[in-house]
Amino acid sequence: MMDVAIVGAGIAGIACARRLAGAGLVPVLFDKGRGIGGRVATRRADGLQFDHGAQYVTVRGDAFAAVLDAAETREAVARWQDGSGRGRWVGTPGMSSLAKALAQGLEVRQRAEVTALRPDEGAWMLRVRDAWHRAARVVVTVPAPQVAGLLGADHPLVAPLAAVGFAPSLTLMAALSAPAPFVTRCDPDDPLSWIAQDSSKPGRPASDAVAWVAQASAAFSRRHLEDDPDDIAAAMLPLLCDRLGTAPDRAVHAAAHRWRYAHVTAPLGQPCLAAADGTLCLAGDWCLGPRVEAAWTSGTAAADTLLERMP
Ligand SMILES: Cc1cc2nc3c(=O)[nH]c(=O)nc-3n(C[C@H](O)[C@H](O)[C@H](O)COP(=O)(O)OP(=O)(O)OC[C@H]3O[C@@H](n4cnc5c(N)ncnc54)[C@H](O)[C@@H]3O)c2cc1C
């Protein structure tokens, strides 16, 4: 039987696993994705790369500052001069490098989607593909709207999640053989609310083309959420080219990604949510806010809660 099974190897799950491992337990992370890091992600294609999820990381608390300082000494993060004058960190050579560095030494099972969780004589059973795995404790770090699919809509921890809000984000990854007029541009009223010159981040691969990431506004994203990704790219590319003052025929690459649960719009307002018997805990950015640091803080809090309640 596993000590602790953690569903989701995003930043919250990784933070939780690190704290538990530091306390002498052997946590096992399960993630449905091919890579780890969840929304801290990097896509590679045609010799290009794009951070299509979190764009950068900011720091408010000392604990997370120490995490990034340690990652910097391992060259997994660096500061990005994006013109805002703010302290923004990025993974190097891609955002996913941060997650990989933080997960080093942890047991992560990839392409391992947990499709059901059920209590079993004081422990938990997890279904992954056709097999059931037993764990003494479980931490679930998937986006709040996906928790009911695992625990069942009538589980007592599911009701409080109704207050949590998420907005989707459609993201365009494009490479253009045209000069770059700016590094970043943020305009909440524009259908492309965020545009970043991704290849201006430190440690990115050299290329003849400039790599751009553009995020659609919540309104645009909701309107086109179910569109085919090729259609989304075809709709967003002319908008990007217009904002850059260039023509769509300068694009050498364009692809879109759909984040159904991208940004937390209404957080739970507490670091994590634990069952009374101390064998189940829910965590994720949705507990505290739409930021990588919030996910880290929540995952750490979930681990501390389990440890406090251990017999
Ligand atoms: C487009 C975009 C831009 C963003 N920009 C920024 C930014 O600039 N700065 C910032 O601080 N934050 C940003 N964020 C938010 C930030 O990415 C998140 O707050 C943070 O990464 C959330 O981490 P998490 O671990 O809580 O969740 P996630 O990263 O969503 O991790 C959950 C994990 O669970 C896995 N999973 C889900 N269901 C299952 C299942 N059934 N079985 C197994 N695994 C499962 C997923 O594959 C995923 O890896 C952005 C997010 C998006 C989408």
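None of these values were measured; they are calculated from a predicted model.

Scoring rules and cut-offs
Residues numbered from 1 in each chain as written. Predicted model: local features only at pLDDT ≥ 70, side-chain atom pairs only at ≥ 80, totals over all residues. Heavy atoms only, no water. Helix = DSSP H or I, 4+ residues; strand = E, 2+ residues; numbered from the N terminus. Buried < 20%, exposed > 50% of the residue type's maximum accessible area, 1.4 Å probe, protein only. Areas by Shrake-Rupley, 256 points an atom, 1.4 Å probe, with all protein chains shown as cover. Lys, Arg positive; Asp, Glu negative; His and termini not counted. Charge placed at Lys NZ, Arg CZ, Asp CG, Glu CD. Expected span 1.5 Å × (residues − 1). Contact = heavy atoms within 4.5 Å. Salt bridge = Lys/Arg side-chain N within 4 Å of Asp/Glu carboxyl O. Near = heavy atom within 4 Å. Polar contact = N/O pair within 3.5 Å; in protein donor to acceptor, adjacent residues only side chain to side chain. Nonpolar A, V, L, I, M, F, W, Y, C, P; charged D, E, K, R; others polar. Phe/Tyr/Trp six-rings, centres within 6.5 Å; stacked < 30°, edge-to-face > 60°. Lys NZ or Arg CZ within 6 Å of the ring centre and 35° of its normal.

(A) Spatial organisation of the overall build of the chain. In terms of helices and strands, the chain carries 7 helices and 17 strands. Each principal axis of the C-alpha distribution contributes one length, and for the chain these read about 65 × 40 × 35 Å. A buried classification covers 54% of the 311 residues belonging to the chain. Accessible surface computed for the chain: about 13,500 Å², of which carbon and sulfur atoms make up 49%. The positive charge centre, built from 31 side chains, and the negative charge centre, built from 32, are 2 Å apart in the chain.

(B) Just helix 1 (residues 11-22), in detail. Between the first and last C-alpha of helix 1 there are 16 Å, a value that for 12 residues agrees with the 16 Å anticipated at 1.5 Å per step. Of the positions making up helix 1, those classed as buried are Ile11, Ala12, Gly13, Ile14, Ala15, Cys16, Ala17 and Leu20. At its buried positions, helix 1 is contacted by strand 1 (2-7), strand 2 (27-30), helix 3 (95-102), strand 10 (131-140) and helix 7 (292-308). Positive backbone phi, approximately 95 degrees, marks glycine 24, located one or two places after helix 1.

(C) Representation of the pattern of salt bridges. Scanning the entire structure with this criterion turns up 13 salt bridges. The shortest N-O distance in the salt bridge between lysine 201 and aspartate 51 comes to 2.9 Å. Residue lysine 201 is located in the loop between strand 13 (192-197) and strand 14 (210-216), and its partner aspartate 51 is located in the loop between strand 4 (48-50) and helix 2 (62-73); the two are separated by 150 residues in the primary sequence. The pair lysine 201 / aspartate 51 is uniform in exposure class, with both members buried.

(D) Structural view of the site of the ligand. Residues in close proximity to the ligand total 34 residues, the closest being Asp31, Arg39, Tyr56, Asp285 and Val292. Between an oxygen atom of the ligand and a main-chain N or O atom of valine 292, the distance comes to 2.8 Å. Per element, the largest residue contribution to the shell around the ligand is 3 residues, and it comes from strand 15 (residues 251-266). Residues belonging to the shell around the ligand are distributed by class as follows: 15 nonpolar, 13 polar and 6 charged.

(E) Examining the packing of aromatic side chains more closely. Under the defined criterion, the tally for this structure stands at 5 aromatic pairs. On the basis of an interplanar angle of 70 degrees and a centroid distance of 5.5 Å, the ring pair of phenylalanine 182 and tryptophan 212 is categorised as edge-to-face. One end of the pair, phenylalanine 182, is in the loop between strand 11 (165-176) and strand 12 (184-186); the other, tryptophan 212, is in strand 14, with 30 residues separating them in the sequence. According to the relative accessible area criterion, tryptophan 212 is buried, its value standing at 1%. Three or more aromatic residues joined by ring pairs form one cluster here, namely Tyr56, Trp80 and Trp194. If you follow arginine 118 out to its NZ or CZ, it ends over the ring of tryptophan 132, 4.3 Å from the centre. Above the ring of tryptophan 80, the side-chain terminus of lysine 201 is found at 5.0 Å from the ring centroid.

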